[in-house]
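Single-letter residue listing:
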2 protein chains.
Amino acid sequence: MKSWQTVRAEALARIRSGAWPPGETIPREADLAEEFGCARATMNRAMQSLADEGYLDRRRKGGTRVAAMPVRKAVFEIPVIRQQVEQRRSTHAYRLVTDRLTTPPEAVCAALKFGSRMQLRRVTALHLADGKPFCVEDRWLNPAFAPPGEADFAEVSANEWLVRHVTYSTGTLAFYARPANAALVRLLKCAHGASLFAIDRTTFDAGTPITSVTLTYAPGYRMETLM
Amino acid sequence: MKSWQTVRAEALARIRSGAWPPGETIPREADLAEEFGCARATMNRAMQSLADEGYLDRRRKGGTRVAAMPVRKAVFEIPVIRQQVEQRRSTHAYRLVTDRLTTPPEAVCAALKFGSRMQLRRVTALHLADGKPFCVEDRWLNPAFAPPGEADFAEVSANEWLVRHVTYSTGTLAFYARPANAALVRLLKCAHGASLFAIDRTTFDAGTPITSVTLTYAPGYRMETLM
DNA sequence: CGTCGTATTAAGTATAGACATATTTTTGGA
DNA sequence: TCCAAAAATATGTCTATACTTAATACGACG
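Residues numbered from 1 in each chain as written. Chains lettered and ligands numbered in written order. Predicted model: local features only at pLDDT ≥ 70, side-chain atom pairs only at ≥ 80, totals over all residues. Heavy atoms only, no water.

For the pattern of salt bridges, give the residues involved together with the corresponding values.
Applying the stated criterion across every chain yields a total of 26 salt bridges over all chains. Where Arg58(B) meets Glu29(B), a salt bridge forms, and the shortest distance between an N and an O atom there is 2.8 Å. Note that Arg58(B) is positioned in strand S2 (residues 56-59) and Glu29(B) in helix H2 (residues 29-36), a separation of 29 residues in sequence. Through salt bridges with shared partners, a single ionic network connects Glu29(A), Arg40(A) and Arg58(A). (Salt bridge = Lys/Arg side-chain N within 4 Å of Asp/Glu carboxyl O. Helix = DSSP H or I, 4+ residues; strand = E, 2+ residues; numbered from the N terminus.)

Describe the protein's contact with DNA strand C, listing the residues and the values that go with them.
Near DNA strand C you find 24 residues, and of these Arg40(A), Arg58(A), Lys2(B), Ser3(B) and Gln5(B) are the closest. Here DNA strand C approaches the protein such that, of its atoms within 4 Å, sugar and phosphate make up 74%. In the model, a sugar or linking oxygen of DNA strand C is placed 2.8 Å from a nitrogen or oxygen of the Arg60(A) side chain. Here Trp4(B) contributes a backbone N or O atom positioned 2.8 Å from a phosphate oxygen of DNA strand C. Residues belonging to the surface near DNA strand C are distributed by class as follows: five nonpolar, seven polar and twelve charged. (Near = heavy atom within 4 Å. Polar contact = N/O pair within 3.5 Å; in protein donor to acceptor, adjacent residues only side chain to side chain. Nonpolar A, V, L, I, M, F, W, Y, C, P; charged D, E, K, R; others polar.)

So what's going on with unusual backbone geometry? Residues and values would help.
Phi is positive for Asp130(A), which is not a glycine, with a value near 55°. Mapped onto the fold, Asp130(A) is located in the loop between strand S6 (120-129) and strand S7 (132-141).

Break down the sheet that holds strand S6 (residues 120-129) of chain B for me, citing the residues and quoting the values.
Here seven strands make up an open sheet; going across it, the order is S11(A)-S8(B)-S9(B)-S10(B)-S7(B)-S6(B)-S5(B) and the pairing antiparallel. Strand pairing shows two members of the sheet lacking a second neighbour, strand S11 (222-226) of chain A together with strand S5 (92-102) of chain B, which therefore form its edges. For this sheet, the mean inter-axis angle between neighbouring strands, taken without regard to orientation, is 15°. Pairing analysis gives seven bridges linking strand S7 (residues 132-141) of chain B to strand S10 (residues 208-217) of chain B, with the strands arranged antiparallel. Bridge pairing in S10(B) links Glu137(B) to Leu215(B). Helix H6 (residues 158-165) of chain B rests against S5, S6, S7, strand S9 (195-205) and S10 of chain B of the sheet, and its axis sits at about 55° to S7(B). (Pairing = 2+ DSSP bridges. Axes fitted to C-alpha atoms, helices over the stretch in contact; angles between N-to-C directions. Contact = heavy atoms within 4.5 Å.)

How would you sum up the confidence of the model for chain A? Please name residues and give values.
Here chain A averages 92 in pLDDT, and 99% of its residues register 70 or above. Summarising per-element confidence for chain A, the mean pLDDT is lowest in strand S4 (residues 72-78) of chain A (81) and highest in helix H7 (residues 182-188) of chain A (97). (pLDDT = per-residue confidence, 0-100.)

Which residues make up the protein's contact with DNA strand D, and what are the values?
Inspection of the region around DNA strand D gives 24 residues, with Lys2(A), Ser3(A), Trp4(A), Arg40(B) and Arg58(B) positioned closest. Arg59(A) places a polar side-chain atom, nitrogen or oxygen, 3.5 Å from a phosphate oxygen of DNA strand D. Listed by contribution, the elements that provide at least two residues to the surface near DNA strand D are helix H1 (4-17) and helix H3 (40-52) of chain A together with helix H3 (40-52), S2 and strand S3 (63-66) of chain B. In terms of residue class, the surface near DNA strand D is built from five nonpolar, seven polar and twelve charged.

Give me the lowdown on the interface of chain A and chain B, citing residues and values where you can.
Counting residues at the interface gives 53 residues for chain A, matched by 54 residues for chain B. Counting each side, the surface lost to burial between chain A and chain B is near 4700 Å², with a carbon and sulfur contribution of 59%. For the pair chain A and chain B, the number of links is two salt bridges. The partner of Asp200(A) in a salt bridge is Arg222(B), with the nearest N and O atoms 3.4 Å apart. Of all the secondary-structure elements, those providing two or more residues to the side of chain A that touches chain B are H1, H3, S4, helix H6 (158-165), strand S8 (170-179), strand S9 (195-205) and S11 of chain A. Residues that form the side of chain A that touches chain B fall into these classes: 30 nonpolar, eleven polar and twelve charged. (Buried area = accessible area lost by both parts, 1.4 Å probe.)

If you had to explain the relation of the copies chain A and chain B to someone new, which residues and values would you point to?
In this structure, two copies of a chain are linked by a rotation about an axis accompanied by a shift along it. Overlay of chain A on chain B (RMSD 0.1 Å): rotation 180°, translation along the axis 0.1 Å. Such a combination of turn and shift is consistent with a two-fold rotation axis. Most of the interface of chain A is mirrored in chain B: 100% of its interface residues are interface residues there too. (Least-squares fit on C-alpha atoms with pLDDT ≥ 70 in both.)

Which residues make up the layout of surface pockets, and what values do they have?
In this model, the largest pocket occupies a volume close to 1800 Å³. Lining the largest pocket are 47 residues, and of these Ser49(A), Asp52(A), Glu53(A), Asp52(B) and Glu53(B) sit closest to its centre. Those elements that place two or more of their residues in the lining of the largest pocket are H1, H3, S4 and S11 of chain A together with helix H1 (4-17), H3, strand S4 (72-78) and strand S11 (222-226) of chain B. A breakdown of the residues in the lining of the largest pocket according to their chemical character gives 20 nonpolar, 13 polar and 14 charged. Approximately 560 Å³ is the volume found for the second largest pocket. Lining the second largest pocket we find 31 residues, and of these Arg122(A), Asp138(A), Trp140(A), Arg178(A) and Thr214(A) sit closest to its centre. Across the lining of the second largest pocket, the residue classes tally to 14 nonpolar, eight polar and nine charged. (1 Å grid on protein atoms, 1.4 Å probe; cavity = no way out; pocket = protein on both sides within 12 Å on 5 of 7 lines; lining within 4 Å. Points joined across faces, edges and corners; volume = space filled by probe spheres on them.)

Here is the structure:
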(Lines give C-alpha, C1' and ligand atoms only; values in the text may rest on other atoms or scores of the structure.)
Protein backbone atom coordinates (compact mmCIF):
# COMPACT_ATOMS: atom_id res chain seq x y z
CA MET A 1 0.00 0.00 0.00
CA LYS A 2 1.61 3.24 -1.14
CA SER A 3 0.97 6.58 0.48
CA TRP A 4 0.19 9.52 -1.76
CA GLN A 5 3.47 11.03 -0.62
CA THR A 6 5.36 8.04 -2.01
CA VAL A 7 3.47 8.22 -5.27
CA ARG A 8 4.13 11.95 -5.39
CA ALA A 9 7.84 11.39 -4.91
CA GLU A 10 7.94 8.79 -7.69
CA ALA A 11 6.11 11.09 -10.06
CA LEU A 12 8.37 14.01 -9.19
CA ALA A 13 11.39 11.81 -9.88
CA ARG A 14 10.03 11.15 -13.35
CA ILE A 15 9.66 14.86 -13.95
CA ARG A 16 13.13 15.69 -12.67
CA SER A 17 14.78 12.84 -14.57
CA GLY A 18 13.12 13.91 -17.80
CA ALA A 19 11.15 10.67 -18.15
CA TRP A 20 8.18 13.00 -18.38
CA PRO A 21 9.61 15.94 -20.33
CA PRO A 22 8.36 19.51 -19.94
CA GLY A 23 5.25 20.20 -22.00
CA GLU A 24 4.38 16.53 -22.38
CA THR A 25 0.92 15.23 -21.60
CA ILE A 26 1.11 12.32 -19.19
CA PRO A 27 -1.34 9.42 -18.95
CA ARG A 28 -4.68 9.88 -17.29
CA GLU A 29 -5.11 9.43 -13.57
CA ALA A 30 -6.90 6.12 -13.89
CA ASP A 31 -4.10 4.59 -15.96
CA LEU A 32 -1.35 5.99 -13.75
CA ALA A 33 -3.13 4.66 -10.69
CA GLU A 34 -3.00 1.20 -12.21
CA GLU A 35 0.66 1.60 -13.18
CA PHE A 36 1.66 2.86 -9.73
CA GLY A 37 -0.51 0.28 -8.04
CA CYS A 38 -2.82 2.53 -6.07
CA ALA A 39 -6.37 3.83 -6.14
CA ARG A 40 -7.28 6.78 -8.34
CA ALA A 41 -7.98 8.89 -5.25
CA THR A 42 -4.41 8.37 -4.11
CA MET A 43 -3.06 9.22 -7.54
CA ASN A 44 -5.23 12.31 -7.58
CA ARG A 45 -3.93 13.48 -4.23
CA ALA A 46 -0.35 13.10 -5.42
CA MET A 47 -0.85 14.83 -8.74
CA GLN A 48 -2.84 17.62 -7.14
CA SER A 49 0.01 18.28 -4.79
CA LEU A 50 2.45 18.51 -7.70
CA ALA A 51 0.08 20.80 -9.56
CA ASP A 52 -0.22 23.06 -6.49
CA GLU A 53 3.52 23.51 -6.52
CA GLY A 54 3.60 24.36 -10.19
CA TYR A 55 5.14 21.16 -11.54
CA LEU A 56 2.03 20.15 -13.44
CA ASP A 57 -0.77 21.83 -15.32
CA ARG A 58 -4.04 20.00 -15.00
CA ARG A 59 -7.27 20.68 -16.82
CA ARG A 60 -10.51 18.81 -16.83
CA LYS A 61 -10.88 16.84 -19.99
CA GLY A 62 -7.58 18.32 -21.21
CA GLY A 63 -5.53 15.98 -19.08
CA THR A 64 -2.31 16.63 -17.17
CA ARG A 65 0.90 17.96 -18.63
CA VAL A 66 4.29 18.78 -17.21
CA ALA A 67 4.68 22.54 -16.88
CA ALA A 68 6.81 23.77 -19.75
CA MET A 69 8.12 26.90 -18.06
CA PRO A 70 7.36 26.54 -14.44
CA VAL A 71 7.23 29.70 -12.39
CA ARG A 72 9.81 29.07 -9.71
CA LYS A 73 8.47 29.83 -6.31
CA ALA A 74 10.60 30.72 -3.34
CA VAL A 75 9.12 30.50 0.11
CA PHE A 76 10.56 32.75 2.80
CA GLU A 77 9.72 32.45 6.43
CA ILE A 78 9.19 35.81 8.07
CA PRO A 79 9.78 35.24 11.75
CA VAL A 80 9.41 37.59 14.65
CA ILE A 81 12.67 39.53 14.94
CA ARG A 82 13.43 38.23 18.40
CA GLN A 83 13.12 34.64 17.17
CA GLN A 84 15.22 35.51 14.14
CA VAL A 85 18.02 36.73 16.39
CA GLU A 86 17.72 33.80 18.75
CA GLN A 87 17.81 31.33 15.86
CA ARG A 88 21.29 32.65 15.12
CA ARG A 89 22.19 31.80 18.69
CA SER A 90 22.57 35.46 19.56
CA THR A 91 21.10 37.38 22.45
CA HIS A 92 18.25 39.65 21.51
CA ALA A 93 17.85 43.11 22.97
CA TYR A 94 15.36 45.80 22.18
CA ARG A 95 15.33 49.57 22.55
CA LEU A 96 12.29 51.80 21.97
CA VAL A 97 13.36 55.01 20.27
CA THR A 98 10.19 57.03 19.70
CA ASP A 99 6.45 56.51 20.25
CA ARG A 100 4.14 59.42 19.42
CA LEU A 101 1.15 60.52 17.36
CA THR A 102 2.15 62.21 14.10
CA THR A 103 0.72 62.96 10.71
CA PRO A 104 2.08 60.33 8.33
CA PRO A 105 3.48 61.04 4.86
CA GLU A 106 1.26 60.51 1.82
CA ALA A 107 2.86 57.16 0.97
CA VAL A 108 1.90 55.64 4.31
CA CYS A 109 -1.68 56.93 4.05
CA ALA A 110 -1.95 55.40 0.60
CA ALA A 111 -0.52 52.05 1.69
CA LEU A 112 -2.97 51.82 4.58
CA LYS A 113 -5.83 53.19 2.47
CA PHE A 114 -6.56 55.98 4.93
CA GLY A 115 -8.44 58.66 3.07
CA SER A 116 -8.01 61.59 5.44
CA ARG A 117 -4.60 62.42 6.78
CA MET A 118 -5.48 61.45 10.33
CA GLN A 119 -2.79 61.20 12.94
CA LEU A 120 -1.17 57.81 13.37
CA ARG A 121 0.95 56.34 16.11
CA ARG A 122 4.55 56.21 15.03
CA VAL A 123 6.82 53.74 16.78
CA THR A 124 10.51 53.43 16.01
CA ALA A 125 12.75 50.94 17.73
CA LEU A 126 16.08 49.22 17.47
CA HIS A 127 16.66 45.49 17.73
CA LEU A 128 20.12 44.28 18.75
CA ALA A 129 21.87 40.93 18.41
CA ASP A 130 24.63 40.33 20.97
CA GLY A 131 24.58 44.05 21.69
CA LYS A 132 25.18 45.03 18.07
CA PRO A 133 22.53 46.81 15.96
CA PHE A 134 20.56 44.26 13.98
CA CYS A 135 17.42 45.89 12.64
CA VAL A 136 15.53 49.18 12.80
CA GLU A 137 11.76 48.98 13.07
CA ASP A 138 9.95 52.08 11.76
CA ARG A 139 6.24 51.61 12.19
CA TRP A 140 2.96 53.49 11.66
CA LEU A 141 0.08 52.10 13.68
CA ASN A 142 -3.66 52.63 13.55
CA PRO A 143 -4.17 54.21 17.03
CA ALA A 144 -7.73 52.88 17.16
CA PHE A 145 -6.35 49.38 17.07
CA ALA A 146 -3.35 49.81 19.35
CA PRO A 147 -3.99 52.77 21.72
CA PRO A 148 -0.93 53.88 23.73
CA GLY A 149 -2.65 52.86 26.95
CA GLU A 150 -3.23 49.24 25.98
CA ALA A 151 -0.15 48.62 23.94
CA ASP A 152 3.06 49.67 25.63
CA PHE A 153 6.13 49.06 23.55
CA ALA A 154 8.76 49.91 26.16
CA GLU A 155 9.45 46.26 26.95
CA VAL A 156 7.74 44.20 24.27
CA SER A 157 8.40 45.30 20.69
CA ALA A 158 5.47 46.34 18.51
CA ASN A 159 6.62 43.59 16.19
CA GLU A 160 5.94 40.96 18.82
CA TRP A 161 2.86 42.63 20.31
CA LEU A 162 1.20 42.62 16.91
CA VAL A 163 1.95 38.97 16.24
CA ARG A 164 0.13 38.16 19.45
CA HIS A 165 -2.82 40.49 18.94
CA VAL A 166 -3.50 40.26 15.24
CA THR A 167 -2.26 36.81 14.51
CA TYR A 168 -3.87 36.10 11.20
CA SER A 169 -3.84 38.99 8.85
CA THR A 170 -3.42 39.76 5.20
CA GLY A 171 -1.38 42.43 3.47
CA THR A 172 1.50 43.20 1.20
CA LEU A 173 5.20 42.59 1.47
CA ALA A 174 8.14 44.08 -0.43
CA PHE A 175 11.89 43.55 -0.31
CA TYR A 176 14.27 46.22 -1.58
CA ALA A 177 17.61 47.95 -1.08
CA ARG A 178 17.95 51.44 0.39
CA PRO A 179 20.83 53.73 1.33
CA ALA A 180 21.41 54.59 5.00
CA ASN A 181 20.04 58.02 5.90
CA ALA A 182 21.04 60.07 8.96
CA ALA A 183 18.61 58.33 11.31
CA LEU A 184 19.71 54.87 10.21
CA VAL A 185 23.38 55.80 10.46
CA ARG A 186 22.83 56.83 14.06
CA LEU A 187 20.91 53.69 15.05
CA LEU A 188 22.71 51.03 13.04
CA LYS A 189 26.13 52.70 13.42
CA CYS A 190 26.85 52.22 9.74
CA ALA A 191 28.35 54.54 7.12
CA HIS A 192 26.17 57.18 5.51
CA GLY A 193 24.78 55.85 2.23
CA ALA A 194 25.57 52.23 3.12
CA SER A 195 23.48 49.66 1.22
CA LEU A 196 20.83 48.24 3.49
CA PHE A 197 18.31 45.48 2.97
CA ALA A 198 14.76 46.53 3.85
CA ILE A 199 11.30 45.02 4.11
CA ASP A 200 8.04 46.96 3.81
CA ARG A 201 5.01 45.31 5.22
CA THR A 202 1.44 46.61 5.35
CA THR A 203 -1.10 44.69 7.37
CA PHE A 204 -4.89 44.60 7.35
CA ASP A 205 -7.21 42.65 9.57
CA ALA A 206 -10.58 41.96 8.00
CA GLY A 207 -10.24 45.11 5.89
CA THR A 208 -9.19 47.36 8.78
CA PRO A 209 -5.79 48.99 8.33
CA ILE A 210 -3.55 47.92 11.18
CA THR A 211 0.02 48.90 10.52
CA SER A 212 2.64 49.72 7.95
CA VAL A 213 6.23 48.99 8.85
CA THR A 214 9.68 49.30 7.35
CA LEU A 215 12.32 46.97 8.74
CA THR A 216 15.84 48.00 7.79
CA TYR A 217 18.62 45.55 8.54
CA ALA A 218 22.25 46.22 9.39
CA PRO A 219 24.78 45.94 6.54
CA GLY A 220 25.55 42.42 5.40
CA TYR A 221 22.13 40.98 6.13
CA ARG A 222 20.95 38.27 3.76
CA MET A 223 17.48 36.75 3.47
CA GLU A 224 18.06 33.12 2.61
CA THR A 225 15.99 30.13 1.62
CA LEU A 226 16.16 26.80 -0.14
CA MET A 227 14.50 25.95 -3.42
CA MET B 1 -22.56 18.87 -0.34
CA LYS B 2 -19.61 21.03 0.63
CA SER B 3 -16.25 20.92 -1.07
CA TRP B 4 -13.18 20.73 1.12
CA GLN B 5 -12.27 24.18 -0.14
CA THR B 6 -15.51 25.57 1.27
CA VAL B 7 -14.95 23.84 4.57
CA ARG B 8 -11.39 25.13 4.60
CA ALA B 9 -12.59 28.69 4.05
CA GLU B 10 -15.11 28.43 6.88
CA ALA B 11 -12.50 27.07 9.24
CA LEU B 12 -10.02 29.78 8.26
CA ALA B 13 -12.70 32.38 8.92
CA ARG B 14 -13.05 31.04 12.44
CA ILE B 15 -9.32 31.33 12.98
CA ARG B 16 -9.13 34.84 11.59
CA SER B 17 -12.18 36.03 13.52
CA GLY B 18 -10.79 34.68 16.76
CA ALA B 19 -13.62 32.18 17.25
CA TRP B 20 -10.79 29.67 17.46
CA PRO B 21 -8.10 31.64 19.33
CA PRO B 22 -4.38 31.01 18.88
CA GLY B 23 -3.13 28.14 21.01
CA GLU B 24 -6.57 26.65 21.50
CA THR B 25 -7.27 23.00 20.82
CA ILE B 26 -10.21 22.63 18.46
CA PRO B 27 -12.66 19.72 18.33
CA ARG B 28 -11.67 16.47 16.74
CA GLU B 29 -12.13 15.86 13.04
CA ALA B 30 -15.07 13.55 13.47
CA ASP B 31 -17.02 16.10 15.51
CA LEU B 32 -16.15 18.97 13.21
CA ALA B 33 -17.22 16.92 10.21
CA GLU B 34 -20.62 16.49 11.81
CA GLU B 35 -20.83 20.17 12.68
CA PHE B 36 -19.83 21.28 9.20
CA GLY B 37 -22.01 18.65 7.59
CA CYS B 38 -19.45 16.70 5.65
CA ALA B 39 -17.55 13.43 5.78
CA ARG B 40 -14.44 13.11 7.90
CA ALA B 41 -12.29 12.68 4.79
CA THR B 42 -13.47 16.09 3.59
CA MET B 43 -12.81 17.67 6.97
CA ASN B 44 -9.38 16.05 7.00
CA ARG B 45 -8.51 17.47 3.58
CA ALA B 46 -9.49 20.95 4.71
CA MET B 47 -7.62 20.85 8.00
CA GLN B 48 -4.57 19.32 6.39
CA SER B 49 -4.44 22.17 3.95
CA LEU B 50 -4.59 24.69 6.79
CA ALA B 51 -1.87 22.81 8.66
CA ASP B 52 0.34 22.83 5.55
CA GLU B 53 0.14 26.60 5.49
CA GLY B 54 1.04 26.90 9.14
CA TYR B 55 -2.36 27.90 10.53
CA LEU B 56 -2.78 24.71 12.53
CA ASP B 57 -0.60 22.30 14.45
CA ARG B 58 -1.84 18.73 14.25
CA ARG B 59 -0.64 15.70 16.13
CA ARG B 60 -1.94 12.19 16.23
CA LYS B 61 -3.79 11.58 19.42
CA GLY B 62 -2.84 15.09 20.55
CA GLY B 63 -5.50 16.73 18.42
CA THR B 64 -5.44 19.94 16.44
CA ARG B 65 -4.64 23.38 17.79
CA VAL B 66 -4.44 26.83 16.27
CA ALA B 67 -0.81 27.86 15.84
CA ALA B 68 0.08 30.28 18.63
CA MET B 69 2.91 32.06 16.85
CA PRO B 70 2.62 31.16 13.25
CA VAL B 71 5.69 31.54 11.11
CA ARG B 72 4.56 33.88 8.39
CA LYS B 73 5.44 32.58 4.99
CA ALA B 74 5.91 34.77 1.97
CA VAL B 75 5.87 33.20 -1.45
CA PHE B 76 7.77 34.95 -4.21
CA GLU B 77 7.60 33.99 -7.82
CA ILE B 78 10.99 34.00 -9.48
CA PRO B 79 10.26 34.48 -13.14
CA VAL B 80 12.56 34.49 -16.10
CA ILE B 81 13.87 38.03 -16.47
CA ARG B 82 12.38 38.50 -19.91
CA GLN B 83 8.94 37.55 -18.61
CA GLN B 84 9.46 39.82 -15.62
CA VAL B 85 10.11 42.77 -17.93
CA GLU B 86 7.26 41.89 -20.24
CA GLN B 87 4.85 41.59 -17.31
CA ARG B 88 5.53 45.26 -16.63
CA ARG B 89 4.48 45.95 -20.20
CA SER B 90 8.00 46.95 -21.14
CA THR B 91 10.10 45.79 -24.05
CA HIS B 92 12.88 43.43 -23.11
CA ALA B 93 16.32 43.64 -24.66
CA TYR B 94 19.44 41.69 -23.86
CA ARG B 95 23.16 42.33 -24.30
CA LEU B 96 25.89 39.76 -23.72
CA VAL B 97 28.90 41.42 -22.09
CA THR B 98 31.45 38.66 -21.48
CA ASP B 99 31.63 34.88 -21.97
CA ARG B 100 34.92 33.15 -21.17
CA LEU B 101 36.56 30.44 -19.07
CA THR B 102 38.09 31.79 -15.85
CA THR B 103 39.14 30.58 -12.45
CA PRO B 104 36.34 31.50 -10.04
CA PRO B 105 36.82 33.06 -6.61
CA GLU B 106 36.73 30.82 -3.53
CA ALA B 107 33.17 31.82 -2.65
CA VAL B 108 31.81 30.55 -5.96
CA CYS B 109 33.72 27.26 -5.66
CA ALA B 110 32.30 26.78 -2.18
CA ALA B 111 28.73 27.58 -3.24
CA LEU B 112 28.93 25.06 -6.08
CA LYS B 113 30.81 22.54 -3.96
CA PHE B 114 33.65 22.27 -6.45
CA GLY B 115 36.67 20.91 -4.64
CA SER B 116 39.41 21.84 -7.05
CA ARG B 117 39.61 25.32 -8.45
CA MET B 118 38.74 24.22 -11.95
CA GLN B 119 37.97 26.78 -14.60
CA LEU B 120 34.34 27.75 -14.99
CA ARG B 121 32.48 29.52 -17.73
CA ARG B 122 31.72 33.06 -16.71
CA VAL B 123 28.86 34.82 -18.46
CA THR B 124 27.90 38.40 -17.74
CA ALA B 125 25.03 40.13 -19.46
CA LEU B 126 22.74 43.12 -19.23
CA HIS B 127 18.95 42.99 -19.42
CA LEU B 128 17.13 46.15 -20.48
CA ALA B 129 13.51 47.26 -20.09
CA ASP B 130 12.39 49.82 -22.68
CA GLY B 131 16.04 50.44 -23.46
CA LYS B 132 16.96 51.26 -19.87
CA PRO B 133 19.22 49.04 -17.77
CA PHE B 134 17.10 46.68 -15.69
CA CYS B 135 19.29 43.91 -14.34
CA VAL B 136 22.86 42.64 -14.54
CA GLU B 137 23.35 38.88 -14.76
CA ASP B 138 26.73 37.67 -13.47
CA ARG B 139 26.94 33.94 -13.83
CA TRP B 140 29.40 31.08 -13.28
CA LEU B 141 28.52 27.95 -15.23
CA ASN B 142 29.70 24.36 -15.06
CA PRO B 143 31.29 24.08 -18.53
CA ALA B 144 30.63 20.34 -18.58
CA PHE B 145 26.94 21.08 -18.46
CA ALA B 146 26.78 24.04 -20.81
CA PRO B 147 29.78 23.92 -23.19
CA PRO B 148 30.30 27.08 -25.27
CA GLY B 149 29.57 25.15 -28.45
CA GLU B 150 26.13 23.93 -27.41
CA ALA B 151 24.97 26.90 -25.43
CA ASP B 152 25.42 30.22 -27.20
CA PHE B 153 24.27 33.18 -25.14
CA ALA B 154 24.62 35.86 -27.80
CA GLU B 155 20.89 35.87 -28.54
CA VAL B 156 19.21 33.87 -25.79
CA SER B 157 20.23 34.78 -22.23
CA ALA B 158 21.80 32.13 -20.05
CA ASN B 159 18.92 32.80 -17.69
CA GLU B 160 16.44 31.62 -20.27
CA TRP B 161 18.61 28.86 -21.71
CA LEU B 162 18.92 27.28 -18.30
CA VAL B 163 15.21 27.38 -17.60
CA ARG B 164 14.71 25.37 -20.77
CA HIS B 165 17.55 22.89 -20.24
CA VAL B 166 17.48 22.25 -16.52
CA THR B 167 13.86 22.80 -15.76
CA TYR B 168 13.48 21.17 -12.40
CA SER B 169 16.37 21.81 -10.12
CA THR B 170 17.11 22.46 -6.49
CA GLY B 171 19.39 24.98 -4.84
CA THR B 172 19.68 27.99 -2.63
CA LEU B 173 18.41 31.53 -2.94
CA ALA B 174 19.37 34.70 -1.11
CA PHE B 175 18.18 38.30 -1.28
CA TYR B 176 20.39 41.15 -0.10
CA ALA B 177 21.49 44.71 -0.68
CA ARG B 178 24.85 45.65 -2.22
CA PRO B 179 26.55 48.87 -3.25
CA ALA B 180 27.23 49.54 -6.93
CA ASN B 181 30.85 48.79 -7.88
CA ALA B 182 32.62 50.08 -10.98
CA ALA B 183 31.32 47.32 -13.27
CA LEU B 184 27.73 47.80 -12.12
CA VAL B 185 27.99 51.60 -12.45
CA ARG B 186 29.04 51.17 -16.05
CA LEU B 187 26.29 48.69 -16.96
CA LEU B 188 23.38 50.03 -14.92
CA LYS B 189 24.39 53.68 -15.39
CA CYS B 190 23.87 54.37 -11.70
CA ALA B 191 25.91 56.30 -9.16
CA HIS B 192 28.94 54.68 -7.56
CA GLY B 193 27.94 53.12 -4.24
CA ALA B 194 24.20 53.24 -5.06
CA SER B 195 22.09 50.75 -3.08
CA LEU B 196 21.13 47.85 -5.30
CA PHE B 197 18.88 44.89 -4.70
CA ALA B 198 20.52 41.59 -5.54
CA ILE B 199 19.68 37.89 -5.73
CA ASP B 200 22.17 35.05 -5.41
CA ARG B 201 21.07 31.72 -6.73
CA THR B 202 22.98 28.46 -6.83
CA THR B 203 21.51 25.57 -8.79
CA PHE B 204 22.10 21.84 -8.71
CA ASP B 205 20.55 19.14 -10.85
CA ALA B 206 20.51 15.74 -9.18
CA GLY B 207 23.59 16.67 -7.16
CA THR B 208 25.56 18.06 -10.11
CA PRO B 209 26.57 21.71 -9.74
CA ILE B 210 25.05 23.68 -12.59
CA THR B 211 25.40 27.37 -12.02
CA SER B 212 25.78 30.16 -9.51
CA VAL B 213 24.39 33.53 -10.46
CA THR B 214 24.11 37.01 -9.02
CA LEU B 215 21.32 39.16 -10.40
CA THR B 216 21.72 42.83 -9.52
CA TYR B 217 18.80 45.10 -10.26
CA ALA B 218 18.80 48.77 -11.20
CA PRO B 219 18.11 51.27 -8.36
CA GLY B 220 14.51 51.44 -7.17
CA TYR B 221 13.71 47.78 -7.83
CA ARG B 222 11.29 46.16 -5.38
CA MET B 223 10.43 42.49 -5.04
CA GLU B 224 6.75 42.44 -4.12
CA THR B 225 4.22 39.86 -3.03
CA LEU B 226 0.95 39.47 -1.21
CA MET B 227 0.47 37.74 2.12
C1' DC C 1 -18.85 26.81 -44.17
C1' DG C 2 -19.77 28.14 -39.75
C1' DT C 3 -21.99 27.46 -35.38
C1' DC C 4 -24.76 25.53 -32.05
C1' DG C 5 -25.98 21.81 -29.16
C1' DT C 6 -24.77 17.31 -27.45
C1' DA C 7 -21.84 13.48 -26.26
C1' DT C 8 -17.60 12.29 -24.37
C1' DT C 9 -13.77 12.64 -21.54
C1' DA C 10 -10.59 13.55 -17.61
C1' DA C 11 -10.08 15.79 -13.62
C1' DG C 12 -12.49 17.35 -9.12
C1' DT C 13 -14.75 15.95 -5.28
C1' DA C 14 -17.72 13.35 -1.61
C1' DT C 15 -18.48 9.43 1.18
C1' DA C 16 -18.37 5.29 4.09
C1' DG C 17 -15.62 2.03 5.96
C1' DA C 18 -11.37 0.16 7.22
C1' DC C 19 -6.85 0.06 8.85
C1' DA C 20 -2.19 2.43 10.24
C1' DT C 21 0.46 5.17 13.29
C1' DA C 22 1.88 8.13 16.73
C1' DT C 23 0.93 9.74 21.30
C1' DT C 24 -1.12 10.02 25.60
C1' DT C 25 -3.35 7.86 29.39
C1' DT C 26 -4.21 4.17 32.18
C1' DT C 27 -3.13 0.22 34.52
C1' DG C 28 -0.67 -3.37 36.71
C1' DG C 29 3.25 -5.04 38.52
C1' DA C 30 7.93 -4.85 41.00
C1' DT D 1 6.54 5.06 44.33
C1' DC D 2 8.05 4.35 39.86
C1' DC D 3 8.28 2.25 35.51
C1' DA D 4 6.84 -0.63 31.84
C1' DA D 5 3.15 -2.67 29.30
C1' DA D 6 -1.37 -2.18 27.50
C1' DA D 7 -5.39 0.39 26.20
C1' DA D 8 -7.39 4.37 24.27
C1' DT D 9 -7.62 7.97 20.95
C1' DA D 10 -6.97 11.48 17.19
C1' DT D 11 -4.97 12.06 13.06
C1' DG D 12 -3.11 9.84 8.66
C1' DT D 13 -4.15 7.24 4.90
C1' DC D 14 -6.24 3.82 1.36
C1' DT D 15 -9.97 2.07 -1.26
C1' DA D 16 -14.07 1.59 -4.10
C1' DT D 17 -17.80 3.88 -5.82
C1' DA D 18 -20.48 7.53 -7.39
C1' DC D 19 -21.40 11.79 -8.90
C1' DT D 20 -20.00 16.78 -10.62
C1' DT D 21 -17.83 19.95 -13.64
C1' DA D 22 -15.17 21.89 -17.28
C1' DA D 23 -13.44 21.42 -21.76
C1' DT D 24 -13.16 19.29 -26.05
C1' DA D 25 -14.85 16.71 -30.17
C1' DC D 26 -18.15 16.06 -33.30
C1' DG D 27 -22.15 15.89 -35.85
C1' DA D 28 -26.59 18.05 -37.29
C1' DC D 29 -28.44 21.93 -39.16
C1' DG D 30 -28.97 26.42 -41.12
